[in-house]
Amino acid sequence: MKQLRARWTAFRSRSHTFAEHHRSATIVITMLIAAILLIFLPRIPPLNAIQGANPWYDAFANAGVFVLLAMGLNVVVGLAGLLDLGYAAFFAIGAYTYAYSNSPFSGLDLPFFPMLLVGAAVAAVFGIALGAPTLRLRGDYLAIMTLGFGEIVPIVFVNSDPYTRGTNGIGGIYRPEALPFFGEFSPLTSFNYMVVMIFIVTVAMMLLYRLHDSRIGRAWMAIREDELAAAANGINTVLTKLLAFALGATTSGLAGVFNASKLTIVSPDQFSFSVSFTVLAMVIVGGMGNIWGVAAGAFIVYLIQVVLLKQLNTIAETINLPALDLGPIHFDLAKINFTDYQYLLFGIALVLMMLKRPEGLFPSQARRAELHAAEDLGANDPALVGALGEAPGSDELTGGSEGGS
Amino acid sequence: MTTVAVAGRRSNPASRFLRIAFFAVVAIVIYQLVLFIALQQTWLVGTSALPADQAFPVAVQQTINALSIGAIYALIALGYTMVYGIIELINFAHGDVFMVGAFLSMFVTLGIFGQTVGVSVTDIPFLILLLASALIIVMPLTGLLNVTIERIFYRPFRGGSRLAPLITAVGVSFILQNLALVFVGSGDRGAPQVFPLEWQIKFGEAKISVLSIFIFALAVSLMVALNLFVNKTRLGRAMRATAQDQQAASLMGVDLNQTIALTFLLGGALAGAAGVVWGLRFGYVRQDLGFNAGLKSFTSAVLGGIGNINGAALGGFFIGFTENLASALGFSRWSEFLVFLILTFVLIFRPTGILGQQLGDRA
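Residues numbered from 1 in each chain as written. Chains lettered and ligands numbered in written order. Predicted model: local features only at pLDDT ≥ 70, side-chain atom pairs only at ≥ 80, totals over all residues.

## Focus on the overall build of chain B
Moving on, step 1. The helix and strand inventory of chain B stands at 14 helices and four strands.
Moving on, step 2. Taking 363 residues into account, the globule formula puts the C-alpha radius of gyration at 21 Å, and chain B, at 21 Å, falls close to it.
Moving on, step 3. Viewed in the frame of its principal axes, chain B has a C-alpha envelope of about 65 × 55 × 40 Å.
Moving on, step 4. Here chain B, with 363 residues, has 49% of them falling under the buried criterion. (Helix = DSSP H or I, 4+ residues; strand = E, 2+ residues; numbered from the N terminus. Rg over C-alpha atoms; globule rule 2.2 N^0.38 Å. Buried ≥ 20, exposed ≤ 12 C-beta atoms within 10 Å, placed from the backbone.)

This is the structure we're talking about:
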């Protein structure tokens, strides 16, 4: 037993060293394992008891869209510390770009994979156009500008009906060309989409980790901690923030192209504020700043949203609890549609996380250290506890310790 | 003119009021002229262009409507601007507090007074009693809701990073919206328009709605009361001091927690008043009302100069007039776009707003 544990510890430390030295290889290996699990798990119990393999693949592919969105938003919110509330707008821009290039509406049929990059680039242009003037201002103004942008982009798509078919949206988007080894994209199963998504997520994750560890990544985190100090150290804060914001928009646009191709229809109601909010909640729940954590958080939250809540409905109907009738309050478990509560649950989850565990479920080491700097410092140094305790209303003292400076 | 301005700077209340009233009248007349001319242009409004004798009454009526819409936005914007001025937080939940106010007002008139949707009250004393009690019940409740939100969700972050409370505020807004969705469902709910819409004052050809005048008068009196409170009372002075420098204010014996809670209370109460008049004016309430109104009101606050109470009122009326201009000329579905354009241009070219920032001028 002891020997086993020693071996396990040795294996863990060796794999940690490997992961630190060969990050991209680690990502590829992990994603391959994940891919194998995603392909075979839906065919065995207990997952196959819930739904067939094809609905699972479909759910996984959709979850992948949100994983991608969350990883992109993580760069903006988690790494650079900017609040982007109109993330769905870039998702919409990517989706409509693809709809124009690949539907009977425009008569074009451009290839899917290059269009992924084109859609991402178009979204990036909009991101720069929105971010360039706003990022010079105070941080909160970005939040309200993106909120407004996220609100008006669907309105513009609804109102310009000659060009966008208004609320009906653009339908009949063509399927992508066949993949090598995996064959045609069938309308019956989302298997190929899942495969493509796993590939995209793997590449995106490798690129994002490289950025995270680069000079730019460190600049983002420096700005997040203390913008003034970062500027004083020679970082061009506007340009660096713009890069983060544009990168977020790019990822969102790419996810939009994928999503449009998968759904074969785009319409303005797919891009409401709830999408932006869901992605934000995923980032917070997963752990701001931690790329793996955010990806895992998004995957889990999405599956809770589409699988677990539906299952709860079925369970509530089967246990058949007698309805509670107290005059004005009528409570009948079987009649509750749990999917109606999903956004309420996301809101509560986000707020609770921010209040109780702001580093998320899978915290990044740096972020955790900052957020708990006050407690850790206080625990080790009684003198500091006194200093903090003496001036509870003081701006600078608490601000300094929270900021981790 | 200059003497008036100088006297104004010395804050002689009477001449200051006269000056504001003078500018308001000038602005209203200019707006009427613009609308009057625009309504006659075939290139702008197409086949619905009106001849001059018909365009004039329409312009007058629309101006009064614009005043009432602007009053609603201004009332909400005051809450945004006061909170931003004092703790530099965009209280995203504020628009939803307004929505809760609109629903509460609906419940008061339907539940307590047993009114039915679509029936107005022509008995004047009863109408006054009804409206007064709606305001007296709703305003403290929304104020308390806002204070509770601050106490539970924002206070733990005070003094810390600025991103965390901002994200939490978005979350609180989303929770309020979805709680409303759970309790009252989606889509429009008819709110009783107890104030008779057919009460109109004939002004030449134009028929001016008494309701619009009532809303405008109510909003202006609330704003005057707020201004007096902030400028003349001890608590108001504490608010201004806290907005300028929290630390110094607290050293001078200002109770920060109490002052900030008071700011949220006042903001929430004004949003509640806006909610009461919203139902009267538009006859419907819905759970996502706060999102749109909140965005427009925040734009108003930024337009006037965030942290500046008079600026928020000015911005609210400006946005109200803009929206009204768009809808009077038949472009109402583009009004949100127009408001967003205003927000963009203000932030790019004059981020301090029209009147400049008075309270929160720290970057």
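Next, the rest of the story.
## With respect to the overall build of chain A
Moving on, step 1. Counting its secondary structure elements, chain A contains 19 helices and two strands.
Moving on, step 2. Looking at chain A as a whole, 43% of its 405 residues are labelled buried.
Moving on, step 3. Taking as baseline every contact in chain A between residues at least 6 positions apart, the subset at least 24 positions apart corresponds to 77%. (Contact = placed C-beta atoms within 7 Å.)

## A look at the environment of Ile86 of chain B
Residue and element names in this part refer to chain B.
Moving on, step 1. Among the secondary structure elements, Ile86 is positioned in helix α4 (residues 52-87).
Moving on, step 2. Ile86 gets classed as buried once you count the C-beta atoms within 10 Å, which come to 25.
Moving on, step 3. In this structure, the C-alpha to C-alpha distance between Ile86 and Asp245, residues 159 residues apart in sequence, is 9.0 Å.

## Focus on the interface of chain B and chain A
Moving on, step 1. Facing the 37 residues of chain B at the interface are 41 residues of chain A.
Moving on, step 2. At the level of elements, α7 (163-184), α10 (246-251), α12 (289-304) and α14 (335-349) of chain B are the ones that each hand at least two residues to the side of chain B that touches chain A.
Moving on, step 3. No other element matches α7 of chain B, which puts 13 residues into the side of chain B that touches chain A.
Moving on, step 4. Grouping the constituent residues of the side of chain B that touches chain A by class yields 25 nonpolar, nine polar and three charged. (Nonpolar A, V, L, I, M, F, W, Y, C, P; charged D, E, K, R; others polar.)

## Description of the confidence of the model for chain A
Residue and element names in this part refer to chain A.
Moving on, step 1. The pLDDT averaged across chain A works out to 80; a share of 86% of its residues lies at or above 70.
Moving on, step 2. Here helix α19 (residues 395-403) stands out as the element of chain A with the lowest mean pLDDT, 37, in contrast to helix α12 (residues 237-263), whose mean of 92 is the highest.
Moving on, step 3. The model gives residues 378-405 a pLDDT under 50, and that stretch makes 36 contacts with residues more than four places away or in other chains. (pLDDT = per-residue confidence, 0-100.)

## Some words on the pairing of strand β2 (residues 200-203) of chain B
Consecutive residues of a regular strand have side chains that alternate between opposite faces of the sheet.
All names here are of chain B.
Moving on, step 1. Pairing of β2 with strand β3 (residues 206-209), which is carried by four bridges, proceeds in the antiparallel orientation. Counted as the bridge partner of Lys202 is Lys207 from β3.
Moving on, step 2. Here β2 hands over to β3 after two residues, with Gly204 in that stretch at a positive phi of 65°. (Pairing = 2+ DSSP bridges.)

## Brief notes about helix α13 (residues 309-328) of chain B
Residue and element names in this part refer to chain B.
Moving on, step 1. Taking 1.5 Å of rise per residue, 20 residues should cover 28 Å, and α13 covers 29 Å from first to last C-alpha, within 8% of that figure.
Moving on, step 2. Among the 20 residues of α13, 16 are classified as buried, and the element is accordingly described as predominantly covered.
Moving on, step 3. Of the residues one or two after α13, Gly330 is the one with positive phi, at around 85°. (Expected span 1.5 Å × (residues − 1).)

## Topic: the nonpolar core
Moving on, step 1. Membership of the largest hydrophobic core comes to 223 residues, with the highest contact counts inside it found for Ala70 of chain A together with Leu75 of chain B.
Moving on, step 2. Looking at this core, the element that brings in the most residues is α4 of chain B, giving 20 residues.
Moving on, step 3. Dropping the residues within four chain positions of it, Leu75 of chain B is found in contact with Ala219, Leu222, Leu270, Ala271, Ala273 and Ala274 of chain B. (Core = buried A, V, L, I, M, F, W, Y, C linked by C-beta atoms within 7 Å.)

## Some remarks on the confidence of the model for chain B
It should be kept in mind that the predicted coordinates are not to be read in detail where pLDDT is low.
Residues and elements named next belong to chain B.
Moving on, step 1. Averaged over chain B, the pLDDT score is 83; the fraction of residues at 70 or greater is 94%.
Moving on, step 2. Element-level pLDDT for chain B is lowest in helix α1 (residues 2-9), with a mean of 37, against a maximum mean of 91 in helix α11 (residues 256-282).
Moving on, step 3. Low pLDDT (under 50) marks residues 1-9, which in the prediction has seven contacts with non-local residues, meaning those over four places away or in another chain.
Moving on, step 4. We note a pTM of 0.84 for the whole complex and an ipTM of 0.84 for its interfaces.

## Remarks on unusual backbone geometry
Moving on, step 1. Positive phi is not limited to glycine here, since Thr264 of chain A has a value of about 60°.
Moving on, step 2. Assignment of secondary structure puts Thr264 of chain A in the loop between α12 and α13 (273-286).
Moving on, step 3. Note on Thr264 of chain A: 16 C-beta atoms within 10 Å, which makes it partly exposed.
Moving on, step 4. Phi is positive for Glu88 of chain B, close to 55°, though the residue is something other than glycine.
Moving on, step 5. Topologically, Glu88 of chain B is positioned in the loop between α4 and α5 (94-112).

## Looking at the environment of Ala206 of chain B
Moving on, step 1. Topologically, Ala206 of chain B is positioned in strand β3.
Moving on, step 2. Separated by 50 residues in the primary sequence, Ala206 of chain B and Leu256 of chain B have C-alpha atoms spaced 51 Å apart.

## What about the packing of helix α4 (residues 53-79) of chain A against helix α14 (residues 291-319) of chain A?
Working note: a packed helix pair is described by the angle between its axes plus the distance between those axes.
All names here are of chain A.
Moving on, step 1. Packing of α4 against α14 brings their axes to within 8 Å, and their N-to-C directions diverge by 140°. Taken together, α4 and α14 sit at an angle that is classed as oblique. As α4 packs across α14, the resulting crossing turns out to be right-handed. Contact with α4, carried on its side by Ala59, Asn62, Ala63, Phe66, Val67, Ala70, Met71, Asn74 and Gly78, involves Ile291, Val294, Ala295, Gly297, Ala298, Phe299, Tyr302, Leu303, Val306 and Val307 of α14 and no other residues of that element.
Moving on, step 2. A per-class count over the contact of α4 with α14 returns 15 nonpolar, four polar and no charged. (Axes fitted to C-alpha atoms, helices over the stretch in contact; angles between N-to-C directions. Parallel < 35°, antiparallel > 145°, perpendicular 65-115°, else oblique. Left-handed = near helix turned anticlockwise from the far one by under 90°.)

## Some details on the packing of α13 of chain B against α14 of chain B
All names here are of chain B.
Moving on, step 1. Here α13 crosses α14 at 140°, and the two axes come no closer than 9 Å. With respect to α14, the axis of α13 lies oblique. As α13 runs across α14, the sense of the crossing is right-handed. Residues Ile319, Thr322, Glu323, Ala326 and Ser327 of α13 lie in contact with α14, whose contacting residues are Ser335, Leu338, Val339 and Ile342.
Moving on, step 2. Here the residues of the contact of α13 with α14 are counted per class, giving five nonpolar, three polar and one charged.

## Remarks on the environment of Gln258 of chain B
Residue and element names in this part refer to chain B.
Moving on, step 1. As for its position among the elements, Gln258 is in helix α11.
Moving on, step 2. Classification of Gln258 as exposed rests on a count of 12 C-beta atoms within 10 Å.
Moving on, step 3. Separated by 23 residues in sequence, Gln258 and Leu235 place their C-alpha atoms 9.5 Å apart.

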